[in-house]
Amino acid sequence: MPTCNKTNISPAMFLLAGIPGLEADGPWISIPFCSMYLIAILGNGLILFVIKTQQNLHQPMYLFLSMLSVTDLGLSVSTLPTMFSVFLFNTREIGVDVCLAQLFFIHTFSVMESSVLLAMAFDRFVAIRHPLRYASALTSARIGNIGLAIIIRGSGLHIPAVILLKRLPYSMNQPLSYSYCLHPDVMKMACADTMPSSFYGLFIVLSSLGLDSVLIVLSYIMIFKTVHSITSWQERLKALNTCVSHICATLLFYTPLISLSMLHRFQKTALPQSQILLSYLHLLLPPVLNPIVYSIKTKEMPSPAVFLLMGIPGLEQAHGWLAIPLCAMYIVAVLGNCTILFVIRAEPSLHQPMYYFLSMLALTDLGLSASTLPTMLSVFLFNSREVNANTCFAQLYFIHTFSVMESDVLLVMAFDRFVAIHKPLRYASILTNATVARIGLAVMARSVLMVMPIPALLRRLRYCLPNVLSHSFCLHQDVMKLACSNRTINSIYGLFAVITTMGLDVLLIVLSYVMIMTTVLSIASKEERLKALNTCISHICAVLVFYIPMIGISMIHRFEERASPLVPVLMADVYVLVPPVMNPIVYSVKTKQIRRRIVQRFQRKRIPNKE
């Protein structure tokens with residue numbers, strides 16, 4: 001226990017902590033955290049919206065799921081302000097009263113989540129053990145009473161804990177262990193007798209989380225006994241399948257919690273990073289993954305069986321012949337991008353930021369090609385047009401993810417050219433290997449997490465016949481048009497994703513080139529001007545190859561009624577096929593270093609060493 005004296009007692013402020021050893025990387029770490037909070041809020045908001053609008057989901061199981069989403073939202077909102085403050089703005093000070101209010105809400109929503117998971121276990125037990133009495137046992141009024149009891153239990157247990165902490169004096173010599181306030185962590189800062197707070201904290205844990213976990217285990221023991229008594233294997237699996245989502249949610253919540261308790265027990269031999277990581281997993285992971293788990297594993301969240309892909313209208317008989325140039329384009333894309341990656345990896349002289357970013361571009365092009373390849377060949381080579389709905393959602397997720405990733409990489413390459421031309425002497429110190437790696441991680445996290453809600457949003461919709469898509473691969477706007485239910489949320493989020501990724505990237509790329517042109521025009525020598533601009537030609541070509549078809553598709557979708565049905569199909573094919581094919585060719589032709597190394601590699605294979 002810290003000792004108190006007049007110089008180290010500070011009743012006004014605590015200091016929050018980030019991740020030990022990674023304090024300088026706070027802004028980069030904030031990117032995945034921001035993405036996780038965005039997914040948690042959108043995912044749980046979507047669950048609440050779907051359950052509210054779908055009349056067939058007004059059942060006990062889904063009402064409890066609504067409670068879980070509300071507690072997940074509350075848990076996310078409780079930690080969000082200080083997490084952003086520490087990692088994004090490097091502001092670590094927090095008032096004692098604010099800290100106590102935060103820990104009250106964090107612990108309250110944690111206990112509420114545990115209580116909801118227990119109620120959901122009871123719901124599954126009643127549904128499997130007494131299916132005929134399920135509706136009469138869990139009426140809407142009874143569910144409302146259960147929800148009210150959960151709120152009273154969660155908040156009522158923690159009011160005394162805050163009062164007990166409020167009366168203690170605190171030392172200001174040491175910061176807190178986390179980027180948010182927790183009861184055990186704040187209690188350790190006290191320089192007075194904490195025994196009442198410690199005993200009451202233990203009482204809360206045992207009477208809420210501990211009791212809930214025991215009752216959940218007991219519920220599943222009785223569920224398994226009931227299931228074991230069913231004679232049909234098919235009925236057994238059907239009964240157990242209704243519990244899978246709840247089991248996943250329970251494990252997501254309790255596994256980090258139990259691990260954290262074990263770590264506190266053996267803290268002397270544990271690394272502080274392990275303790276902090278488990279705390280983040282306990283508070284951040286359930287709100288992110290719960291809506292994803294329930295969206296994937298719950299069949300009542302509506303989705304169609306199959307969609308029908310489309311080749312090129314009017315040329316169905318020639319699809320076998322059209323497969324030849326398509327296969328050739330895929331081969332060129334794979335070989336070209338693999339060659340770029342091999343040459344950059346094999347040549348130490350190319351281990352520079354510009355070529356690292358080119359490697360990222362080649363990887364995204366390979367990903368984009370691999371995303372469209374299966375269905376393109378299926379349609380054109382084998383005339384197989386059916387695609388499972390979940391497969392379609394997975395494909396469009398990867399297509400849009402790699403598209404956003406490519407847009408991000410092109411933006412980063414524009415920044416690279418700006419730094420190289422505007423501040424050539426500081427180029428190596430600004431774009432170090434560590435900085436390039438962090439940029440690559442940020443690009444991947446942004447694209448993966450930004451597109452993640454789209455399949456879940458599409459999966460909630462009901463789809464009508466005809467279920468024929470416009471292309472030989474799945475795209476968000478194309479699938480969305482087949483829906484015969486309200487798709488406003490899909491449209492709004494799709495527009496938001498486009499504006500905040502590709503739309504923003506285009507503006508920043510244009511701004512980068514405006515500043516590049518301003519710098520180039522200030523150079524006195526005409527030869528130096530041309531030399532500087534020449535380093536940008538490959539990137540400008542890659543930007544035009546990527547964005548012109550994309551803008552063309554957007555314009556065609558806007559004026560689709562006036563356009564030939566062949567035009568949007570060809571523009572979409574150009575958008576996904578041409579950049580992976582043309583980018584390695586452009587960079588091989590226009591970049592002397594790449595071209596020279598490729599030629600040297602082939603010459604070494606053909607010409608034997610005379611020595």
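Participant: An account of the overall build of the protein chain is requested, with residue identities and associated values reported.
Facilitator: A tally of helices and strands in the protein chain yields 22 helices and four strands. The principal-axis extents of the C-alpha atoms in the protein chain amount to approximately 80 × 70 × 55 Å. Taking all 611 residues of the protein chain together, 49% fall into the buried category. Entry remark: accessible area of the protein chain is about 30200 Å², with carbon and sulfur atoms responsible for 70%.

Participant: Describe helix 11 (residues 319-346), and please don't skip the residues or the numbers.
Facilitator: For helix 11, with 28 residues, the first-to-last C-alpha span of 40 Å sits near the 40 Å given by 1.5 Å per residue. Within helix 11, burial applies to His319, Ala323, Leu326, Tyr330, Ala333, Gly336, Asn337, Ile340, Val343 and Ile344.

Participant: With reference to specific residues and values, describe a nonpolar patch on the surface.
Facilitator: Among the surface-exposed residues, Leu211, Leu215, Val217, Leu218 and Ile221 lie close enough to one another that they form a single nonpolar patch of about 390 Å² accessible area. Within the secondary structure layout, Val217 lies in helix 7 (residues 195-228). Exposure remark for Val217: the relative accessible area of 48% places this residue in the partly exposed category.

Participant: Tell me about the environment of Cys327, residues and numbers included.
Facilitator: Mapped onto the secondary structure, Cys327 falls in helix 11. Residue Cys327 is classed as partly exposed on the basis of its relative accessible area, which comes to 25%.

Participant: Could you give an account of the nonpolar core, naming the residues involved and the relevant values?
Facilitator: Formed by 159 residues in total, the largest nonpolar core has its most connected members in Val186, Phe307 and Val479. At 19 residues, helix 13 (residues 389-422) tops the list of elements feeding residues into this core.

Participant: Any details on the packing of aromatic side chains? Residues and values, ideally.
Facilitator: With the rule as written, the count across this model stands at 17 aromatic pairs. Ring geometry for Tyr220 versus Phe224: centroids 6.1 Å apart, planes at 45°, classification tilted. Remark: Phe224 and Tyr220 occur in helix 7; sequence separation between them is four residues, near one turn of the helix. Residue class for Tyr220 comes out buried when judged on its relative accessible area of 9%. On the numbers, 6.5 Å between centres and 40° between planes, the contact of Phe393 with Tyr463 is tilted. Within this pair, whereas Phe393 is found in helix 13, its partner Tyr463 is found in the loop between helix 16 (453-459) and helix 17 (476-480), the two being separated by 70 residues in sequence. An identical accessibility class is assigned to Phe393 and Tyr463; each is buried. Ring-pair connections join several aromatic residues into one group, and the members of that group are Phe33, Phe87, Tyr178, Tyr180 and Tyr280.

Participant: Requested: an account of the state of the cysteines, with residues and values cited.
Facilitator: Scanning the model with the defined rule gives two disulfides in all. There is a disulfide in this structure between Cys99 and Cys181, and the S-S distance comes to 2.0 Å. With the S-S dihedral at roughly -125°, the linkage between Cys99 and Cys181 falls on the left-handed side. With Cys99 in helix 3 (residues 96-129) and Cys181 in the loop between helix 5 (140-166) and helix 6 (183-188), this residue pair connects regions lying 82 residues apart in the sequence. With respect to class, Cys99 is no different from Cys181; both count as buried.

Participant: Before we move on, can you summarise the packing of helix 1 (residues 26-53) against helix 2 (residues 60-87) with the specific residues and values?
Facilitator: Where helix 1 meets helix 2, the closest approach of the two axes is 9 Å, and the angle between their N-to-C directions is 160°. When the axis of helix 1 is compared with that of helix 2, the two are roughly antiparallel. Pair helix 1 / helix 2 crosses with left-handed handedness. The residue inventory of the contact of helix 1 with helix 2, partitioned by class, reads 18 nonpolar, seven polar and one charged.

Participant: So, the side chain of Thr82: which residues are in play, and what are the values?
Facilitator: With respect to the helices, strands and loops of the structure, Thr82 is situated in helix 2. Given the relative accessible area of 9%, Thr82 is considered buried. When near neighbours in sequence (up to four residues on either side) are disregarded, Thr82 contacts Leu16, Ile94, Gln102, Ser179 and Tyr180.

Participant: Would you mind going over the pattern of salt bridges in detail, with residue names and values included?
Facilitator: Summed over all chains, the structure comprises six salt bridges. Ionic pairing is found between Arg153 and Asp212, a salt bridge with its closest N-O pair at 2.9 Å. You can see Arg153 sitting in helix 5 and its partner Asp212 sitting in helix 7, a full 59 residues away along the chain. The buried category is assigned to Asp212, whose relative accessible area is 1%. Across the salt bridge formed by Asp505 and Arg446, the nearest N and O atoms sit 3.1 Å from each other. Highlighted residues: Asp505 in helix 18 (residues 488-521) and Arg446 in helix 15 (residues 433-451), separated in sequence by 59 residues. Overall, Asp505 belongs to the buried group, its relative accessible area being 1%.

Definitions and cut-offs
- Residues numbered from 1 in each chain as written.
- Predicted model: local features only at pLDDT ≥ 70, side-chain atom pairs only at ≥ 80, totals over all residues.
- Heavy atoms only, no water.
- Helix = DSSP H or I, 4+ residues; strand = E, 2+ residues; numbered from the N terminus.
- Buried < 20%, exposed > 50% of the residue type's maximum accessible area, 1.4 Å probe, protein only.
- Areas by Shrake-Rupley, 256 points an atom, 1.4 Å probe, with all protein chains shown as cover.
- Expected span 1.5 Å × (residues − 1).
- Patch = residues over 30% accessible without salt bridge, like charges linked within 9 Å, V, L, I, M, F, W, Y side chains within 5 Å.
- Salt bridge = Lys/Arg side-chain N within 4 Å of Asp/Glu carboxyl O.
- Core = buried A, V, L, I, M, F, W, Y, C linked by side-chain atoms within 4.5 Å.
- Phe/Tyr/Trp six-rings, centres within 6.5 Å; stacked < 30°, edge-to-face > 60°.
- Disulfide = S-S within 2.5 Å.
- Axes fitted to C-alpha atoms, helices over the stretch in contact; angles between N-to-C directions.
- Parallel < 35°, antiparallel > 145°, perpendicular 65-115°, else oblique.
- Left-handed = near helix turned anticlockwise from the far one by under 90°.
- Nonpolar A, V, L, I, M, F, W, Y, C, P; charged D, E, K, R; others polar.
- Contact = heavy atoms within 4.5 Å.

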